[in-house]
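Each chain is listed here by its residues.
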There are 2 protein chains.
Amino acid sequence: MTITLKDIARRVNRSVTTVSRALHDYDDVNEETRELVKRTARELGYMPNVVAQRLQKRRADTLGLILSTSGPRLSDPHFGEVLAGVSDEVAQVGFDLLISISDPSLDELELYRQKISGRRVDGVLVVRTRCHDERVEFLLRHNVPFVAYGRTLDGRDFPYVDVDHAAGMRASVQHLSDLGHRRIGFVTGSPDFTLVHYQMEGFRQAMTACALPADESLVVEADLTQRGGYGAGQALFSQSDPPTAIVTSNDLMALGVMSAAQDQGLDVGRDIAVSGFDDIPLAETSHPTLTTVRQPAHRLGQLLGHMLVGLARGEPLSEQHVLIQPSLIIRQSTDLDLWL
Amino acid sequence: MTITLKDIARRVNRSVTTVSRALHDYDDVNEETRELVKRTARELGYMPNVVAQRLQKRRADTLGLILSTSGPRLSDPHFGEVLAGVSDEVAQVGFDLLISISDPSLDELELYRQKISGRRVDGVLVVRTRCHDERVEFLLRHNVPFVAYGRTLDGRDFPYVDVDHAAGMRASVQHLSDLGHRRIGFVTGSPDFTLVHYQMEGFRQAMTACALPADESLVVEADLTQRGGYGAGQALFSQSDPPTAIVTSNDLMALGVMSAAQDQGLDVGRDIAVSGFDDIPLAETSHPTLTTVRQPAHRLGQLLGHMLVGLARGEPLSEQHVLIQPSLIIRQSTDLDLWL
DNA sequence: TTGTAAGCGTTATCAT
DNA sequence: ATGATAACGCTTACAA
């Protein structure tokens, strides 16, 4: 038994129209009427039916986020933090966040079609872009407001927020080179992901700049998870001429690599240097603490949220492309001596 | 320019009603008409406007989750994993998950009022219950379908899924007692949280059962975060007669305590034993690895999602109360020797 | 087998 | 200052 405008109208002996206007503080309504209406609404515990409002306004005040099996999981700390930033930001302006997980059996784009054409959401967030990303293509083609977390490589123009992964990776490699390392391994995710692509680019650039030999056998691809890092680490350590330092695509992988190293009896930070990417909270309390490239996750999220809300409201975007410079955080995992 | 039933109707020279029925496979529609309608719909790229459908059906096919500042954050790995379980489960049956973050300035219940009376959601999930939880009161009073992750203490009957925190804590303390520890500290969250209350109960029960002295100065309250654990650890280690073992309310706190211990030059697993709660992925790769009480996070989430979907659909619940037994996972942080 | 009409709860337009 | 009326896009009696 829910209260509608009609109920209030009946109670105060006015039309539904007047009640609606009174509630919205239109100025063409009598002061007394307004008071009466508002009081009655409060007494009755009236809450507007947002579904009806949306149908009328043709706006959902909701932003969508579609997660697929190939993307990041809700349980990834970096991503969780970004998402926290997004939702904090959009909540401030009264938007909701709709999260859908794409059933592996279903075409991911089908989900976009449903949510968007179904007018469930006013705009969507695309996370972990691929070098050629069909989600971006789809959204551009259908004129759907969206912001991407990450770039693509196919030269299409769209709003994004990204971190300069190449620069971050260059800083890591430079740091390791400065410490005297010459055999540097790279535990990486699939190069289909744009972030991995740019990391790879930075890696090669830095190797060249530091005059280090490029050994393809030191580049190992795996899932962007702890487990993936662990396996890749094992593979690297079992080589005949293993690396003395390893950079990774993200912190979870780095933690996995450290585990693998320690299982081999290696002393991380002395026998082997490990450097991550993201700076998740646990990088600071791992043992040894993890050298990594910091991304301001929460702020990235806020920025994404802010841009998307603007777009959804049809406002022009002041900044279409945001590329954030990450910073290298040096900790024990690349040099224990620095800390003893 | 979106396609509506009206567009299709015009195209096939039928009424909107017929088109609607054809699309929904009603049996009172001519086979040829049905085919024609469906084909045209496909050609035009028709997608139903779910907002209109909802207004009509008075169902949102959406579940709500309201996060407040006092609750868990999206960036907490355990909670992230539970949430992943929920969304995986509800996605399977076509439900969406709506996440709102309660603005600290706003009354949290106000948000419940909005989302629910606004018919945005068919049911809600309550996470991290308090001993006396006004959200639960509110939802019961308003007859809103909901499932709680956690119990309350005020004897109200409602559907919940919870872990037996008392049993988990007893197992931890018993384990430490078996190792010979007599001065056991407890780094805990606010006792307002039901989970903390039960942990405390289990802690005291086990201390008594093991004939260990109860020293209230060894119980330190802090935020359920790494930072909270770090501070509490420092406080404990600076006491004149510090504990030789510490149990914590969750793994994040335990990691913080380990950090504090290591900063004091203590060798965790030898000089000081630390035991956590949750078994987040990082417990396995911390150094030393963390002894902890495992909660099947993803499965908990699935269960919560499953129950809530049932409720939202108005189906009776087969199991109203689910209490899951956790298991103690013994790792290095309580006994390095076991592992060398 | 199909169409007409009413209604879900709101807001916008246009009279009065 | 207020009210009728239509519209948002869809579903569902009820009629034909």
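Please refer to the structure higher up on the page.
Definitions and limits used
Residues numbered from 1 in each chain as written. Chains lettered and ligands numbered in written order. Predicted model: local features only at pLDDT ≥ 70, side-chain atom pairs only at ≥ 80, totals over all residues. Helix = DSSP H or I, 4+ residues; strand = E, 2+ residues; numbered from the N terminus. Expected span 1.5 Å × (residues − 1). Buried ≥ 20, exposed ≤ 12 C-beta atoms within 10 Å, placed from the backbone. Contact = placed C-beta atoms within 7 Å. Nonpolar A, V, L, I, M, F, W, Y, C, P; charged D, E, K, R; others polar. Core = buried A, V, L, I, M, F, W, Y, C linked by C-beta atoms within 7 Å. Least-squares fit on C-alpha atoms with pLDDT ≥ 70 in both. Near = placed C-beta within 6 Å. Axes fitted to C-alpha atoms, helices over the stretch in contact; angles between N-to-C directions. Parallel < 35°, antiparallel > 145°, perpendicular 65-115°, else oblique. Left-handed = near helix turned anticlockwise from the far one by under 90°.

Colleague: Sorry, what's going on with helix H12 (residues 297-312) of chain B here?
Modeller: Helical geometry: 3.6 residues make up each α-helical turn, so side chains three or four residues apart lie on a common side. Residues and elements named next belong to chain B. With 16 residues, H12 extends 22 Å between its outermost C-alpha atoms, agreeing within 8% with the 22 Å of an ideal straight helix rising 1.5 Å per residue. Of all 16 residues in H12, 13 are buried, a share of seventy percent or more. Residue Gly314 follows H12 closely and has a positive phi angle near 80°.

Colleague: Sorry if this is basic, but what is going on with the interface of chain B and chain A here?
Modeller: Often the size quoted for an interface is simply the accessible area lost on bringing the parts together. With 44 residues of chain B in contact, the opposing surface of chain A contributes 45 residues. For the side of chain B that touches chain A, the elements supplying multiple residues, two or more each, are helix H4 (50-57), helix H5 (77-92), strand E2 (96-101), helix H6 (108-117) and helix H11 (251-263) of chain B. A per-element tally of the side of chain B that touches chain A places H5(B) first, with nine residues. Residues belonging to the side of chain B that touches chain A are distributed by class as follows: 18 nonpolar, 17 polar and nine charged.

Colleague: Hey, could you run me through the nonpolar core in this one?
Modeller: In a soluble, globular protein the nonpolar side chains are often hidden away together inside. In terms of nonpolar packing, the biggest core is built from 90 residues, with Val124(A), Leu125(A) and Leu125(B) touching the most fellow members. The contact partners of Leu125(A), leaving out residues within four places of it in the chain, are Leu63(A), Leu65(A), Val86(A), Phe146(A), Val147(A), Tyr149(A), Leu304(A) and Leu308(A). By size, the runner-up hydrophobic cluster in this structure holds 70 residues, among which are Val187(A), Val257(A), Ala254(B) and Ala273(B).

Colleague: Just to check I follow, could you spell out the relation of the copies chain B and chain A for this structure?
Modeller: The two chain copies are related to each other by a rotation about an axis together with a translation along it. Under the fitted operation, chain B is carried onto chain A by 0.1 Å of movement along the axis and a turn of 180°, and the coordinates agree to an RMSD of 0.2 Å. As the rotation angle and translation indicate, the two copies are arranged about a two-fold axis. Here 100% of the contact residues of chain B are again contact residues in chain A; the copies associate through an equivalent surface.

Colleague: Even after reading the chapter, I still don't get the protein's contact with DNA strand D, so can you show me in this structure?
Modeller: In the vicinity of DNA strand D lie 23 residues, with Thr18(A), Asn30(A), Thr4(B), Leu5(B) and Ala52(B) positioned nearest. Of all the elements in the fold, those that place two or more residues in the surface near DNA strand D are helix H2 (16-23) and helix H4 (50-57) of chain A together with helix H1 (5-12), helix H2 (16-23) and H4 of chain B. Split by residue class, the surface near DNA strand D holds seven nonpolar, 12 polar and four charged.

Colleague: Got a minute to help me understand the packing of helix H5 (residues 77-92) of chain A against helix H12 (residues 297-312) of chain A in this structure?
Modeller: Packed helix pairs are specified by the crossing angle of their axes together with the interaxial distance, meaning the distance between the axes. Residues and elements named next belong to chain A. Where H5 contacts H12, the two axes come as close as 7 Å, and the packing angle between them is 40°. Judged by the angle between their axes, H5 and H12 are oblique. When the axes of H5 and H12 are compared, the crossing they make is right-handed. In this structure, H5 contributes His78, Glu81, Val82, Leu83, Ala84, Gly85, Val86, Asp88, Glu89 and Val90 to the contact, and H12 contributes Ala297, His298, Arg299, Leu300, Gly301, Gln302, Leu304, Gly305, His306 and Val309. Each residue belonging to the contact of H5 with H12 can be placed in one class, and the counts come to nine nonpolar, seven polar and four charged.

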